[in-house]
Amino acid sequence: MATAFGLDKQALTIIPVSGPLEGRVTPPGSKSITNRALLLAALAKGTSRLTGALKSLDTKLMAGALRAMGVTVEEPDDTTFIVTSSGRLAPPAEPLFLGNAGTAMRFLSAAVTLVEGTVVVDGDAHMRKRPIGPLVEALRSLGIDASDAGGYPPVTVQGNGTFGSGRVEIDGGLSSQYVSALLMAAAFGNGPIEVALTGSEIGARGYVDLTIAAMRAFGGEVEQIDASSWRVQPTGYQATDFVIEPDASAATYLWAAEVLTGGHIDLGVPSDAFTQPDAKAREVIAQFPNLPAVIDGSQMQDAIPTIAVLAAFNNAPVRFVGIANLRVKECDRVAAVATELSRIRPGLGTEEGDDLIVASDPSLAGQTLPARIETYSDHRIAMSLALAGIKIGGITILDPGCVAKTYPTYWEALTGLGVKIAD
Ligand SMILES: O=C(O)C1=C[C@@H](OP(=O)(O)O)[C@@H](O)[C@H](O)C1
Ligand SMILES: C=C(OP(=O)(O)O)C(=O)O
């Protein structure tokens, strides 16, 4: 298959647009929902058909890991996975390699406890800097033989085919994915399992809601006991056909491109149809060029780089709060956004503690400010900073292929809207 536009280039330069961006772009399927559905389908006996799915690096890594554990994952077209499973995961011949896919790494670290045998769950050099200690501790508290490398991947699990029973506590402050991972595996307990948060903080709660909705779609029984605990019944999962909605985080770039250029981009899906947390960004983005002075990013974390770049063109400065865990995403996104905005104009982005402050300047639009943007292997840094290039001349995005993690056709989406991109 031909490489999607720009993925094989070392750098791309965005040519500013003079008018509004108009057109129709449907974002790819949700990464979060696709990787939940792939796992749940693999844990269900029978065949599940997942449509509207994302085909990207993160979902290919999840699918590859499931195949390595004996699950049949077919791909009849660009948006469908057909998953056929015995309902059990077989020991893989080699360590599972999950690149920098946080969902795959965290969800599988818990799910491989259902394998009878030893499984090593590993990622790339970036993933090996993303904490996983709280999840491994939680697994151990259930009596599971699990270890990590000083709180980071690789994770080694000696599974015995079940997930224990009783109550497991987890601090979801660094990542809500730990909570989602435990909830999904908990359907294989020896009895009901209660999953309880220890800290009051838990990234974006909306991701736990997505997990619960996906579990229920695959026949799981999970009830919320109170604001910080859930009970999962030992039902396992049932194969089903499942439709995946478009990715709300991907949509944020299109919503931002729309307001930045005063255009109209039809995503083919109404913004209130999304169930993912980042859909909350739509209301915030709609306030441009009068974004709030303080934006709490805790419930729409992946949208913050997008809104931060938009904020550079806002009428007044914006402080982003509640974003400490952006420091442990694909890269330290607080530092990366501050550094790269300031590469465009010194002082445009600054860090204050874990807050990010964007010193807005509407007159940036129309200027030529050559900058070679480092992307730190982080798709969201590439995709968000590219938005600056729609209004400012001379913006070059290095390693543009990193968008393949979640949005391989991103550059095509922009060119399809009329944005000119040079090698
Ligand atoms: O559960 C999920 O699908 C996700 C949860 C969030 O991560 P954390 O829970 O690590 O904050 C988000 O940033 C990530 O892109 C996807
Ligand atoms: C944080 C992200 O991904 P993950 O944690 O799934 O690697 C993201 O897609 O922005």
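Residues numbered from 1 in each chain as written. Chains lettered and ligands numbered in written order. Predicted model: local features only at pLDDT ≥ 70, side-chain atom pairs only at ≥ 80, totals over all residues. Heavy atoms only, no water.

**Describing the sheet that holds strand β10 (residues 166-170)**
What links the strands of a sheet is backbone hydrogen bonding, and the strands pair in either a parallel or an antiparallel sense.
Phase 1 of the analysis: Reading across from one edge, β10-β11-β13-β12 is the order of the four strands in this open sheet, with mixed pairing throughout. Where the open sheet ends on each side, the last strands, each with one partner, are β10 and β12 (222-226). Pairs of neighbouring strands in the sheet enclose a mean axial angle of 25°, with direction left out of account.
Phase 2 of the analysis: Where β12 lies against strand β13 (residues 229-232), four bridges are found, and the strand directions are antiparallel. Residue Q224 lies in a different strand from β13, and its bridge partner there is W230. (Pairing = 2+ DSSP bridges. Helix = DSSP H or I, 4+ residues; strand = E, 2+ residues; numbered from the N terminus. Axes fitted to C-alpha atoms, helices over the stretch in contact; angles between N-to-C directions.)

**Some words on the pairing of strand β18 (residues 318-321)**
Phase 1 of the analysis: Here β18 shows one buried face, formed by V318 and F320, and one open face, formed by R319 and V321.
Phase 2 of the analysis: Pairing of strand β17 (residues 294-296) with β18, which is carried by three bridges, proceeds in the parallel orientation. Of the residues in β18, the one forming a bridge with I295 is F320.
Phase 3 of the analysis: Remark: the β17/helix α9 (residues 304-311)/β18 crossover connection has right-handed handedness. (Buried < 20%, exposed > 50% of the residue type's maximum accessible area, 1.4 Å probe, protein only. Right-handed = clockwise from strand over helix to strand, strands pointing away.)

**Observations regarding the packing of aromatic side chains**
Phase 1 of the analysis: What the rule picks out here adds up to six aromatic pairs.
Phase 2 of the analysis: Taking 5.5 Å as the distance between ring centres and 70° as the angle between the ring planes, the aromatic pair formed by Y253 and Y410 counts as edge-to-face. With Y253 in helix α7 (residues 248-261) and Y410 in helix α12 (residues 410-416), the pair connects residues that are 157 residues apart, well separated along the chain. Here Y253 and Y410 have matching classes, each one buried.
Phase 3 of the analysis: Three or more aromatic residues joined by ring pairs make a cluster, and in this case those are Y253, Y407, Y410 and W411.
Phase 4 of the analysis: Here K55 stacks its cationic end above the ring of F81, 4.6 Å away from the centre of that ring. (Phe/Tyr/Trp six-rings, centres within 6.5 Å; stacked < 30°, edge-to-face > 60°. Lys NZ or Arg CZ within 6 Å of the ring centre and 35° of its normal.)

Without other data, these values stay purely geometric and don't point to any function.
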